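# What the coordinates show
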Amino acid sequence: MSEQIPDCEMGDEAIRNPKSGYVAIIGKPNVGKSTLMNALVGERLSIVTPKPQTTRGRVLGIMSSGECQAVFWDTPGMLEPKGRLQEVMTRQIRDSVRDADVLLALVDASSPKDDLDERMREILHDWQRPLIVAINKSDLVETARVEKIVGRIRAVAISALRGTHVDALKTLIEQRLPEGPFFYPPDMVAEQPERFFVGELVREEIFLKLGQELPYATAVKVEEFKERKDEKDYIRAVIYVERPSQKGIVIGAKGAMLKQIGQHARVKIEAFLDRPVYLELWVKVRPKWRKRERDLKEFGYW
Ligand SMILES: Nc1nc2c(ncn2[C@@H]2O[C@H](COP(=O)(O)OP(=O)(O)OP(=O)(O)O)[C@@H](O)[C@H]2O)c(=O)[nH]1
Ligand SMILES: [Mg+2]
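All values reported here derive from a predicted model rather than from experimental measurement. As a convention, each chain's residues are numbered from 1 in the sequence order in which they are written. To read the labels, note that chains go from A and ligands from 1, taken in the order they are written. This being a predicted model, a pLDDT of at least 70 is required before a residue's local features are given, and a value of 80 or more before pairs of side-chain atoms are given or counted; all residues contribute to the totals for chains, interfaces and linings.

## Topic: the overall build of the protein chain
Basically, it comes down to this: Each helix corresponds to a stretch of at least 4 residues labelled H or I by DSSP, and each strand to a stretch of at least 2 residues labelled E; elements are numbered beginning at the N terminus. What the globule rule says is 2.2 Å times the number of residues to the power 0.38, and the radius of gyration is computed from C-alpha atoms. Whether a residue is buried, exposed or partly exposed is read from the other C-beta atoms within 10 Å of its own C-beta, which are placed from the backbone; 20 or more gives buried, 12 or fewer gives exposed, and intermediate counts give partly exposed.
Summing up its helical and strand segments, the protein chain has 9 helices and 9 strands in all. Taking 2.2 N^0.38 as the reference for a compact globule, 302 residues should give roughly 19 Å; the C-alpha atoms of the protein chain span a radius of gyration of 20 Å, in line with that estimate. For the C-alpha atoms alone, the extent of the protein chain along its principal axes is close to 65 × 50 × 35 Å. Taken over 302 residues, the protein chain has a buried fraction of 37%.

Here is the structure:
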């Protein structure tokens, strides 16, 4: 059955035969999902750090070119969920997969266990729609090794960090999009509110500056975001930790750590918003927030 595809009336010119669809990017923690989504969209939307489990919720990124619009879901890394927060993260992955027209499964070429893991296999086993498997971080390993993996699981080798073969991947995605009008105007790249990205950029600094368990016990909530006439925007964000001892570490000696986190986050926030801001950071203790539904909802993870 073929139907007349409506012209897409967005932008200056009507787009003939538009294609559009949701693309879920899935994979184990730290394989480079967020780096890849940013590379595809061409904006630094999703936070990236060398630590696993950086992404906690799903982050939407829109890539439009010519007649095609791909709406990406960057998802948290797949793992055996332990605790409430990880259960919620796992649910975010499931929801993204459920809503996807195309699945983009990412594998890390440099990981000693390069194969698709069990959770991924389960999803792919039942998957009836288009699938692309990409092997990331191919810059870190010898070509022969990449070729071996590619041969075994029929995948495309890329480097999200260096941009190698990202354009080829773009084409593969566009070819697999279903026909239909755009979901968003072609110049739009993100949908989530500025508050969300501001909180994420503070969290990125926490992941980069603090070691061990601390980043994982931390949530950031933007409690106030005021646009002011003739003055910088005012942003008040609270960093929540689980224990008083953690609060001390985040603040640091004479407030040095908090100051550094604030300074670096502000520079990133200003680059993201493209305007100067005044950022005020507070640290508060919220015992066991990772276990409590009410707290998870308050922090936007539910
Ligand atoms: N060398 C190399 N490093 C990469 C590449 N892609 C990502 N990275 C690095 O891998 C680390 C993790 O990248 P992310 O994009 O945060 O990975 P992720 O899959 O989103 O991680 P989670 O959100 O924790 O699941 C960062 O240090 C990136 O700079 C790549 O192609 N090559
Ligand atoms: Mg990520």
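## Some details on the sheet that holds strand β8 (residues 233–241)
Definition in use: Here, a strand pair is defined by DSSP locating no fewer than two bridges between the strands. Simply put, an axis is a line fit to the C-alpha atoms, just over the touching stretch for a helix, and the angle between two N-to-C directions goes from 0 to 180 degrees.
Reading across the sheet, the 3 strands line up as β7-β8-β9 and stay open at both edges, with mixed pairing between neighbours. The two strands at the open ends of the sheet, each matched to only one other strand, are β7 (219–226) and β9 (277–285). On average, each strand axis in the sheet is inclined to that of its neighbour by 20°, with strand direction left out of account. With 7 bridges connecting them, β7 and β8 associate as antiparallel partners. Within the sheet, the bridge partner assigned to lysine 226 lies in β8 and is tyrosine 234.

## Observations concerning the site of ligand 1
As a reminder, the rule being used: Using the backbone to place each C-beta atom, any residue with that atom within 6 Å of a molecule or strand is considered near it. Residues are grouped as follows: Ala, Val, Leu, Ile, Met, Phe, Trp, Tyr, Cys and Pro are nonpolar; Asp, Glu, Lys and Arg are charged; all remaining types, including Gly, are polar.
Lining the immediate surroundings of ligand 1 are 24 residues, of which Gly32, Ser34, Thr55, Gly77 and Leu161 lie closest. Here the shell around ligand 1 gets 3 residues from one element, more than from any other, and that element is helix α1 (residues 33–41). Looking at the shell around ligand 1 residue by residue, the class counts come to 9 nonpolar, 12 polar and 3 charged.

## Overview of the pairing of strand β2 (residues 59–65)
With 6 of 7 residues buried, β2 is to be regarded as a mostly interior element. One ladder, built from 7 bridges, connects β2 with strand β3 (residues 68–74); its direction is antiparallel. Of the residues in β3, the one forming a bridge with valine 59 is aspartate 74. Between β2 and β3, which pair antiparallel and follow one another directly, the connecting turn spans 2 residues, one of which, glycine 66, has a positive phi of 55°.

## Observations regarding the sheet that holds β3
What holds strands together in a sheet is hydrogen bonding between their backbones, with the strands either parallel or antiparallel. Applicable threshold: A pair of residues counts as a contact when their C-beta atoms, built from backbone coordinates, are within 7 Å of each other.
Strands sit in the order β2-β3-β1-β4-β5-β6 across an open sheet of 6 strands; the sheet is mixed. At either margin of the open sheet sits one strand with a lone partner, and together these are β2 and β6 (156–157). Sheet topology places strand β5 (residues 131–136) next to β6; 2 bridges connect them, and they run parallel. Looking at β6, one finds that isoleucine 135 is bridged to alanine 157. Across the sheet, helix α4 (residues 143–153) touches β5 and β6, and the angle it forms with β5 is around 165°.

## Overview of the pairing of strand β4 (residues 102–108)
On any regular strand, side chains alternate: one points to one face of the sheet, the next to the other face. For β4, the tally of buried residues reaches 7 of 7 residues, placing the bulk of the element in the interior. Here β4 shows a buried face lined by Val102, Leu104, Leu106 and Asp108 and a second buried face lined by Leu103, Ala105 and Val107. As paired strands, strand β1 (residues 19–27) and β4 are joined by 5 bridges and run parallel to one another. Bridge pairing in β4 places isoleucine 25 opposite leucine 104.

## Side note on the nonpolar core
To keep things clear, this is the line we draw: What makes a nonpolar core is a set of buried Ala, Val, Leu, Ile, Met, Phe, Trp, Tyr and Cys residues, with links drawn between C-beta atoms within 7 Å.
By size, the foremost hydrophobic cluster in this structure holds 43 residues, and its most contacted members are Val23, Ala24, Ile25, Phe72, Leu104 and Ile135. By residue number, the principal contributor to this core is β4, which donates 6 residues. Excluding residues within four positions of it along the chain, valine 23 makes contact with Ala70, Val71, Phe72, Ala100, Asp101, Val102, Leu104 and Ile173. Within the second largest apolar cluster, 29 residues are counted, among which are Phe197, Ile235, Val250 and Ile261.

## Let's talk about the packing of helix α6 (residues 194–209) against helix α8 (residues 256–273)
Working note: a packed helix pair is described by the angle between its axes plus the distance between those axes. What counts, and what does not: Any angle between 65 and 115 degrees counts as roughly perpendicular, while under 35 counts as roughly parallel, over 145 as roughly antiparallel, and the rest as oblique. With the far helix as reference, a near helix turned anticlockwise by less than a right angle produces a left-handed crossing, and one turned clockwise produces a right-handed crossing.
Where α6 contacts α8, the axes come no closer than 9 Å and their chain directions differ by 140°. Of the possible angle classes, the one that applies to α6 and α8 is oblique. Crossing of α6 against α8: the hand is right-handed. For the pair α6 and α8, the contacting residues are Glu194, Phe197, Val198, Leu201, Val202, Glu205, Ile206 and Lys209 in the first and Met257, Gln260, Ile261, His264, Ala265, Lys268, Ile269, Phe272 and Leu273 in the second. For the contact of α6 with α8, the per-class residue count stands at 11 nonpolar, 2 polar and 4 charged.

## Considerations on the domain arrangement of the protein chain
Our working definition: Throughout, the edges of the domains are those of an automatic or database domain assignment.
Entries for the protein chain in the domain assignment read domain 1 (19–176) and domain 2 (194–298). Domain 1 puts 9 residues into the contact, and the matching count from domain 2 is 11 residues. Of the residues in the side of domain 1 that touches domain 2, the class split is 3 nonpolar, 4 polar and 2 charged.

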